[in-house]
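Read off the chains here:
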Amino acid sequence: MSRTENVELTVLCLVSDGKKLLLQNRIKNDWPGYTLPGGHVEPGESITDAVIREMKEETGLDILHPRLVGVKQFPIEDGRYIVFLFKATDFTGTISSSEEGQVEWVEHERLQDLKTVDFFEELLKVMNEPECNELQYLEDEENEWKVVIK
């Protein structure tokens, strides 16, 4: 017997100019705070094409040569939500915000002063440390999220 799993696919991208990160201050209630820009993969769309499109839509930038650096996942009803994590250091254009939130360049040392989304530090660890590949959210007995980095 085969089992069908509901799978949602999205992308996030860490864009850096070497000194600053491009962050989005999300205004949506489902995941508020500073985070990396990104969004859903459209049906039939390649993962790489999705991150290029999403970055253009949400930041105004055309990213060049995005590199896949990890995966984030968490359970959803009847399946899982998978986020492909990219990095890009080559880009053209001028940043502009979208309905998703305000985008801005943020110096690394300012990160500790910002209200970021939950587990943002762990997300950056997976994306920046070569020995890390995956961030997995698991629910415990009290329906609280815990993070496992692999």
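Reading the values: the criteria
Residues numbered from 1 in each chain as written. Predicted model: local features only at pLDDT ≥ 70, side-chain atom pairs only at ≥ 80, totals over all residues. Heavy atoms only, no water. Helix = DSSP H or I, 4+ residues; strand = E, 2+ residues; numbered from the N terminus. Rg over C-alpha atoms; globule rule 2.2 N^0.38 Å. Buried < 20%, exposed > 50% of the residue type's maximum accessible area, 1.4 Å probe, protein only. Contact = heavy atoms within 4.5 Å. Areas by Shrake-Rupley, 256 points an atom, 1.4 Å probe, with all protein chains shown as cover. Lys, Arg positive; Asp, Glu negative; His and termini not counted. Charge placed at Lys NZ, Arg CZ, Asp CG, Glu CD. Pairing = 2+ DSSP bridges. Axes fitted to C-alpha atoms, helices over the stretch in contact; angles between N-to-C directions. Phe/Tyr/Trp six-rings, centres within 6.5 Å; stacked < 30°, edge-to-face > 60°. Salt bridge = Lys/Arg side-chain N within 4 Å of Asp/Glu carboxyl O.

Visitor: Can you walk me through the overall build of the chain in this structure?
Guide: Secondary structure summary: the chain contains 2 helices and 11 strands in total. A globule of 150 residues ought to have a C-alpha radius of gyration of about 15 Å, and the chain, at 15 Å, matches this closely. The C-alpha extent of the chain, read off along each of the three principal axes, is 50 × 35 × 35 Å. When the 150 residues of the chain are sorted by exposure, 40% land in the buried category. Restricting the contact set of the chain to residue pairs at least 6 apart, pairs at least 24 apart contribute 64%. Accessible surface, the chain: about 8,800 Å² in total, of which carbon and sulfur atoms supply 47%. Counting 16 positive and 31 negative side-chain charges, the chain places the centres of these two groups 4 Å from one another.

Visitor: In this structure, what is going on with the sheet that holds strand 11 (residues 145-149)? I would like to understand it.
Guide: Each strand in a sheet pairs with another by means of backbone hydrogen bonds, the pair being arranged parallel or else antiparallel. The 6 strands lie next to each other as 4-1-7-6-10-11, forming an open sheet whose pairing is mixed. Only two strands of the sheet have a single partner each, and these edge strands are strand 4 (38-40) and strand 11. Shown here is a sheet whose adjacent strand axes are inclined to one another by a mean of 20°, direction ignored. As judged from the 5 bridges shared by strand 10 (residues 134-139) and strand 11, these two strands associate in the antiparallel manner. The partner of Glu139 across the bridge, within strand 11, is Trp145.

Visitor: For this particular structure, what's the right way to read the pairing of strand 2 (residues 20-26)?
Guide: Within a regular beta strand, the side chains point alternately toward one face of the sheet and then the other, so they alternate between its two faces. The buried fraction of strand 2 is high, at 5 of 7 residues. Pairing geometry for strand 2 and strand 9 (residues 101-107), over 7 bridges, is antiparallel. Across the sheet, Leu21 pairs through a bridge with Val106, a residue of strand 9. One ladder, built from 3 bridges, connects strand 2 with strand 3 (residues 33-35); its direction is antiparallel. Across the sheet, the residue bridging to Asn25 is Tyr34, located in strand 3. Adjacent in sequence and paired antiparallel, strand 2 and strand 3 are bridged by 6 residues.

Visitor: Before we go on, may I ask you to explain the packing of aromatic side chains in this structure?
Guide: Each aromatic ring pair is characterised by the separation of its centres together with the angle its planes make. Across all of its chains, the model carries 6 aromatic pairs by this definition. Measuring from ring centre to ring centre gives 5.4 Å for Phe119 and Tyr137, while their planes differ by 70°; the resulting arrangement is edge-to-face. Separated by 18 residues along the polypeptide, Phe119 in the loop between strand 9 and helix 2 (120-128) and Tyr137 in strand 10 bring together distant segments of the chain. Take Phe119: its relative accessible area is 25%, and that puts it in the partly exposed class. On the accessibility criterion, Tyr137 (8% relative accessible area) is buried. Ring centres 5.8 Å apart and planes at 80° place the aromatic pair Tyr137 and Trp145 in the edge-to-face group. Under the relative-accessibility criterion, Trp145 is labelled partly exposed at 37%. Among the aromatic residues, those joined into a ring-pair cluster are Phe74, Tyr81, Phe119, Tyr137 and Trp145.

Visitor: I keep staring at the pattern of salt bridges and nothing clicks. Help me out?
Guide: Side chains bearing opposite charge may pair, as long as their charged atoms lie close to each other. Scanning the entire structure with this criterion turns up 9 salt bridges. A salt bridge links Glu54 to Arg53; the nearest nitrogen and oxygen atoms lie 3.0 Å apart. Residue Glu54 shares its accessibility class with Arg53, and that shared class is buried. Residue Arg110 pairs with Glu104 through a salt bridge whose shortest N-O separation is 3.8 Å.

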